[in-house]
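# Architecture and fold: a report
The lines below spell out each chain.
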Amino acid sequence: MSLIGDRIFQLKNALPNGVTLIAVSKYHPNEDILSAYQAGQRIFGENIVQELCQKALALPQDIEWHFIGHLQKNKVKYIAPFISMIHSVDSFDLLKEINKYAQKNQRTISCLLQIHIAQEEAKFGFLPQKCIEMLQSDNWRELSNVSICGIMGIATNTENKLQIQNEFKALSDLFCKIKSKHFNNSEDFNCCSWGMSNDYQIAIKEGSNMVRIGTLIFGERIYNK
Ligand SMILES: *Cc1c(COP(=O)(O)O)cnc(C)c1O
């Protein structure tokens, strides 16, 4: 068993039932993804369209690819044929574009609404109030080829565990509010995507059922290749 495979097993053992592991493989080579694959991992997360498309072509077809990074509208068409889930929908326009290309590919694409919860300007996502307004407008209900499956968030990058916990708690509260108001009859709306290598344990305590973990599985990313 490879080191990466070992880490997959350890993580899967540590995660409670019902929590899905997204192995975040951005910047890591295909052979590392294959090590995780051989350990049974099938869901991988990427955040750059071009890198994702190259990997999807080269790697086993039963991998479920999740897009987790900021997505430009003009790049939707490249991932629409195969993407399993897009975690990072941050505008109605983007949702519309995803719907358009999902339709062209005769499929339905699962989407999460990314919520800006961190105290950092640099992060993307709807402000909670903007997300609520978008859902209240009901225009999204006409988008027949996207399925809104839940929300995603990234906590502030801080040592302050209480702050992280409070941010996740806010996501959890928002999820419940949105579900009861707009998705009461939807079985699809059930994904709570929060938690990464450094904060996934807090995230699970605060209701996450999808953790996106890279560094703990694959090691540090090398950005200047
Ligand atoms: C890179 C990334 C992750 C994984 O981060 P790690 O700290 O390596 O676990 C999770 N979510 C998003 C949105 C990311 O961009």
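Preceding block: the structure.
Residues numbered from 1 in each chain as written. Predicted model: local features only at pLDDT ≥ 70, side-chain atom pairs only at ≥ 80, totals over all residues. Heavy atoms only, no water.

### Quick look at unusual backbone geometry
Most peptide bonds are trans, and most residues other than glycine sit at a negative phi. Unusually for a residue other than glycine, Tyr-27 sits at a positive phi of about 70°. Relative to the assigned elements, Tyr-27 resides in the loop between β1 (20-24) and α2 (30-38). Look at Asp-138: it is not a glycine, yet its phi comes out positive at around 70°. The topology assignment puts Asp-138 in the loop between α6 (128-137) and β6 (146-153). (Helix = DSSP H or I, 4+ residues; strand = E, 2+ residues; numbered from the N terminus.)

### What to know about the packing of helix α1 (residues 3-14) against α2
Two numbers describe a pair of packed helices, the interaxial angle and the distance between the axes. Contact geometry of α1 with α2 gives a least axis separation of 8 Å together with a crossing angle of 45°. On the basis of their axis angle, the class for α1 and α2 is oblique. Regarding α1 and α2, the two cross each other, and that crossing is right-handed. Each of Ile-4, Gly-5 and Ile-8 in α1 lies in contact with α2, whose residues at this interface are Asp-32, Ser-35 and Ala-36. (Axes fitted to C-alpha atoms, helices over the stretch in contact; angles between N-to-C directions. Parallel < 35°, antiparallel > 145°, perpendicular 65-115°, else oblique. Left-handed = near helix turned anticlockwise from the far one by under 90°. Contact = heavy atoms within 4.5 Å.)

### Some points on the pairing of strand β3 (residues 64-67)
For strand β2 (residues 43-46) and β3, the ladder comprises 4 bridges, and the chain directions are parallel. Its bridge partner being in β3, Ile-43 is matched across the sheet by Glu-64. A crossover connection joins β2 to the parallel β3 through helix α3 (residues 49-58); in handedness this β-α-β unit is right-handed. The sheet contact formed by β3 and strand β4 (residues 85-89) spans 2 bridges and is parallel. Bridged to Phe-67 within β4 is Ile-86. (Pairing = 2+ DSSP bridges. Right-handed = clockwise from strand over helix to strand, strands pointing away.)

### Focus: the site of the ligand
In the vicinity of the ligand, the contacting residues are Val-24, Lys-26, Ile-68, Met-152, Ile-154, Met-196, Ser-197, Arg-212, Ile-213, Gly-214, Thr-215 and Arg-221. Between the ligand and Arg-212 there is a distance of 2.9 Å, counted from a nitrogen atom to a side-chain nitrogen or oxygen. Relative to its unbound accessible area of 390 Å², the ligand is 90% covered by the protein chains. Residue composition of the shell around the ligand, by class: 6 nonpolar, 3 polar and 3 charged. (Near = heavy atom within 4 Å. Polar contact = N/O pair within 3.5 Å; in protein donor to acceptor, adjacent residues only side chain to side chain. Areas by Shrake-Rupley, 256 points an atom, 1.4 Å probe, with all protein chains shown as cover. Nonpolar A, V, L, I, M, F, W, Y, C, P; charged D, E, K, R; others polar.)

### Concerning the nonpolar core
With 65 residues, the main nonpolar core has Trp-65, Ile-86, Ile-98, Leu-113, Leu-135, Ile-151 and Ile-217 as its most contacted residues. Of the residues forming this core, the biggest block, 6 residues, is contributed by helix α7 (residues 161-182). Residues in contact with Ile-86, not counting those within four places in the same chain, are Phe-67, Leu-71, Ile-79, Ile-98, Ile-109, Ser-110, Cys-111 and Leu-112. With 8 residues, the next largest nonpolar core counts Ile-22, Met-85, Leu-112 and Cys-191 among its residues. (Core = buried A, V, L, I, M, F, W, Y, C linked by side-chain atoms within 4.5 Å. Buried < 20%, exposed > 50% of the residue type's maximum accessible area, 1.4 Å probe, protein only.)

### Some words on the pattern of salt bridges
Under the definition given, this model contains 6 salt bridges. Note that Arg-42 and Asp-62 form a salt bridge whose closest N and O atoms lie 3.3 Å from each other. Taken together, the residues span a long stretch of sequence, with Arg-42 in the loop between α2 and β2 and Asp-62 in the loop between α3 and β3 at a distance of 20 residues. Here the salt bridges share partners, and the residues they tie into one network are Glu-46, Glu-51 and Lys-55. (Salt bridge = Lys/Arg side-chain N within 4 Å of Asp/Glu carboxyl O.)

### So, the environment of Ser-208
Mapped onto the elements of the fold, Ser-208 is located in the loop between α8 (200-205) and β8 (210-213). With 189 residues separating them in the primary sequence, Ser-208 and Val-19 have C-alpha atoms 7.3 Å apart. Leave out the neighbours within four places in its chain, and Ser-208 touches Val-19, Cys-192, Trp-194 and Ala-203. Polar contacts involving the side chain of Ser-208 include one to the main-chain carbonyl oxygen of Met-210, which spans 3.1 Å.

Any link to function would need more than the numbers given here.
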